[in-house]
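Examining the three-dimensional arrangement
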Amino acid sequence: MRQLRLYLEFSRKAFQRSAAYRFDAWTRLFSNVIFLFMWGFIWFALYSGKGDVEGVSFESMLSYIVVSQMLQGVHGAGTPLWEIQERVRTGDIAMEMMRPYDYPTRSLFSDFGNIAFHFLTAVLPLYVVLFALFDLQIPTSMSQWILFLLSAVLGYLIRYSVELTFGLLTFWLMETGGVEDIFYFSISLFSGSVIPLWFFPDWLETLAYFLPFQGIFFVPNSIFVGQLTGQALIEAMLMQGIWLVVSYVILRWVWSRAALKIVVQGG
Amino acid sequence: MSFSSWVRGTRLYFHMVAASIRAQMQYRYGFFMNILGWAMSYAGTAVTMWVMLYSFQSLEGWSFWQLIFLFALAVLSWGVCVIFFFHFRSLDQYILNGTFDRFLVRPIHPFFHFMAMKFDVGAFGQLLFSIAAVTLAYIQLGLDWPFWKWGVFTSAVIGGTLIQGGILVLISAIAFWTTRSERFYWVVMFPAKSMMNYPLSLYPRAIQWVVTFILPFAFVNYLPALLLLDKPHPSFSSYWGAFSFAVGLVFFSICYQIWMMGLNRYKSAGS
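Computed from a prediction, not measured in an experiment: that's the story for all the values here. (Residues numbered from 1 in each chain as written. Chains lettered and ligands numbered in written order. Predicted model: local features only at pLDDT ≥ 70, side-chain atom pairs only at ≥ 80, totals over all residues. Heavy atoms only, no water.)

Details of the overall build of chain A
Check the secondary structure of chain A and you find 12 helices and zero strands. Tracing chain A from N to C terminus, the helices and strands come up as α-α-α-α-α-α-α-α-α-α-α-α. In terms of overall dimensions, chain A is globule-like: its C-alpha atoms have a radius of gyration of 19 Å, near the 18 Å expected for 267 residues. Taken along its principal axes, the extent of the C-alpha atoms in chain A is 65 × 40 × 35 Å. (Helix = DSSP H or I, 4+ residues; strand = E, 2+ residues; numbered from the N terminus. Rg over C-alpha atoms; globule rule 2.2 N^0.38 Å.)

What to know about the overall build of chain B
Each helix and strand counted, chain B has 11 helices and zero strands in total. Its helices and strands in sequence order give chain B the pattern α-α-α-α-α-α-α-α-α-α-α, from N to C terminus. By the compact-globule yardstick of 18 Å for 271 residues, chain B fits well, its C-alpha radius of gyration being 20 Å. Burial status across chain B gives 54% buried among its 271 residues. (Buried < 20%, exposed > 50% of the residue type's maximum accessible area, 1.4 Å probe, protein only.)

Let's talk about the interface of chain A and chain B
Tallying the contact residues gives 36 residues for chain A and 34 residues for chain B. Taken over both partners, the interface formed by chain A and chain B buries close to 3000 Å², and the fraction arising from carbon and sulfur atoms is 79%. Applying the counting rule to chain A against chain B returns zero salt bridges. At the surface where chain A touches chain B, the tally comes to two residue pairs in polar contact (both at pLDDT 80 or more). (Contact = heavy atoms within 4.5 Å. Buried area = accessible area lost by both parts, 1.4 Å probe. Salt bridge = Lys/Arg side-chain N within 4 Å of Asp/Glu carboxyl O. Polar contact = N/O pair within 3.5 Å; in protein donor to acceptor, adjacent residues only side chain to side chain.)

Observations concerning the UniProt feature "transmembrane region" (unreviewed entry) in chain B
Residues and elements named next belong to chain B. Listed under "transmembrane region" (unreviewed entry) in the UniProt record, and renumbered for this structure, are residues 31–52, 64–86, 121–141, 153–177, 206–227 and 239–259. As a span, residues 64–86 carries 96% helix and 0% strand, and end to end its C-alpha atoms are 29 Å apart. For the annotated span residues 153–177, helix accounts for 100% and strand for 0% of the residues, and the straight-line distance between the end C-alpha atoms is 37 Å. (UniProt positions renumbered as here; feature names shortened; annotations may be inferred.)

Brief notes about the side chain of S191(A)
Residue and element names in this part refer to chain A. With respect to the helices and strands, the residue S191 is situated in the loop between helix 9 (177–189) and helix 10 (202–209). Judged by its relative accessible area of 0%, S191 falls in the buried class. Those residues within four positions of S191 in sequence are excluded, and the remaining contacts are S186, F213, Q214, I216, F217 and F218.

Let's talk about helix 2 (residues 28–56) of chain B
With 29 residues, helix 2 of chain B should reach 42 Å at 1.5 Å per residue; the first-to-last C-alpha distance of 43 Å fits that figure. Just downstream of helix 2 of chain B lies Q57(B), where phi reads positive at about 65°. (Expected span 1.5 Å × (residues − 1).)

Some thoughts on helix 8 (residues 182–195) of chain B
It helps to recall that an α-helix has 3.6 residues per turn; residues three or four apart then point in one direction. For helix 8 of chain B, with 14 residues, the first-to-last C-alpha span of 19 Å sits near the 20 Å given by 1.5 Å per residue. A maximum bend of about 30° is found in helix 8 of chain B at M189(B), where proline P191(B) lies one to four positions downstream. Of all the residues in helix 8 of chain B, the buried ones are Y185(B), V187(B), M189(B), P191(B), A192(B), K193(B), S194(B) and M195(B). On its buried face, helix 8 of chain B sits against helix 2 (22–47) of chain A together with helix 2, helix 3 (64–85), helix 7 (147–178) and helix 9 (205–214) of chain B. (Bend = angle between axes of the 7 residues up to and from the residue.)

Digging into the UniProt feature "transmembrane region" (unreviewed entry) in chain A
Mapped onto the present numbering, the UniProt feature "transmembrane region" (unreviewed entry) falls at residues 21–46, 115–133, 145–162, 182–200, 207–226 and 232–251 of chain A. Measuring from the first to the last C-alpha atom of residues 21–46 of chain A gives 39 Å, for a span that is 96% helix and 0% strand.

Describing the pattern of salt bridges
Counted according to the given criterion, the structure contains nine salt bridges over all chains. A salt bridge links E83(A) to R106(A), with the nearest nitrogen and oxygen atoms 3.7 Å apart. Of this pair, E83(A) sits in helix 4 (residues 80–90) while R106(A) sits in helix 6 (residues 103–133), and the two are 23 residues apart along the sequence. Judged by relative accessible area, which is 6%, R106(A) ranks as buried. In this structure, E182(B) and R89(B) form a salt bridge, with 3.1 Å as the shortest nitrogen-oxygen distance. Of the two residues, E182(B) sits in helix 8 while R89(B) sits in the loop between helix 3 and helix 4 (91–97), which places them 93 residues apart along the sequence. Judged by its relative accessible area of 21%, E182(B) falls in the partly exposed class.

Describing the nonpolar core
Counting residues in each nonpolar core, the largest one holds 170 residues, and the members touching the most others are W43(A), F199(A), L59(B), F100(B), Y198(B) and W259(B). Examining the composition of this core, we find that 16 residues originate from one element, helix 3 of chain B, more than from any other. Apart from the residues lying within four places of it in its own chain, the contact partners of F199(A) are W43(A), Y47(A), V53(A), E54(A), V56(A), M61(A), V51(B), Y54(B), S55(B) and F56(B). (Core = buried A, V, L, I, M, F, W, Y, C linked by side-chain atoms within 4.5 Å.)

Comments concerning the environment of F224(A)
Residue placement: F224(A) occurs in helix 11 (residues 218–224). Here F224(A) is in contact with V67(A), F131(A), Q137(A), I138(A), P139(A), Q144(A), W145(A) and F148(A), once residues within four sequence places are set aside.

Written out as structure tokens, the structure reads:
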């Protein structure tokens, strides 16, 4: 309990820090909107002259892109990969490890604070207006809303674990250029952030189902637009749960190795 | 500047470039990973395009290989541009740290000096990807260009370098007034550049005009690609694509003038 209060204090501080750098939150939103705009027009052109494609209407697809950009806007407020790289490069990480808290948890709670600020002051107002302005599909029942929120949170935690794990590779590689790009590519394609898995070739779709990334955006987005229901929905969320546990275990394992590495190098 | 000072400047430039490359080669593993990483992330975008067109066949009448050609043409000139100008975006860091002043006290032209500061070898990744992609697209589309089309292609690459370089110079000039520049790159230029990877005719007319007549991104890849692939545009003449080099030259010199204006303002601030 005291532990939780300690970590929540980090969220509070991060929230205040974000408030001090409001400019950053709003500029980030600006680029988020440009990308929303770009994908909106691309999908509009892809659908022009067509009815449903693979059983998906244009309205559903547009809602999918909008909700996807909204979640990406939220995710963009927390960047554990950049942070850990900076800390390893500058040596700050040693200070972090001397302190009486667990770094991965501390960093997660700081991101909660950043996200809360970014979400409340930038993402939420903008997307409420967008959903009201354009006649987009939103969840029709309370249970659909709850499942979407739950799935989005699971997705966030999966991304956090995977991203921090990739970031921790800095301990061994010093220069993470290539590894980082594998991560960014996987998250942009296999998470279904811009192209839903429905439109993938079968073999690629199967591959994507067996990767953790689809749990990040694809599952919550599909729940939101009502393409994922019943049995398939329960299975997909179960998969998210399993991937969260697996990626968290991997993160802890890599973190313990990294901590050892620092001791070896003499801090 | 007189002729001899140009010669001296050029020799100095290459000298500094060699030093910059040696510095980047220090971490050999990182050096190769960096190049590989860039090449892969562009290949990633190409894969995304392929997946997108798998169910939909074409985008605004552009087939997959035509789209790849459009995209790779932009990456090619961007690669050249990165080598010379990419570090301009972080001018704000130099100003904030006070390290920019050293560019002012040396007997070299400050613009030249700042430009020579870094010769980004990571950009070989962009070149690697784009040359391979353009070659593949050329073969897949069964193109057989006459001599003048190769001229258009070359003009697009040089013009594209100047246009994108000009925008980077413009972004860095903002730092003289606001002490911020890097942020503008990520917030404005990066998304705008991503939009240009797709056919311009997707977007509303107003945007098409802005990127043709104000920030001439359209001359980097879209207009030359129309001409090179014999594609029509509802309102633009396809021959506009032949003017990339001229547009680049004019645009870059305007951006350079603005940068120098900013520099003069920076000096007069007495900092």
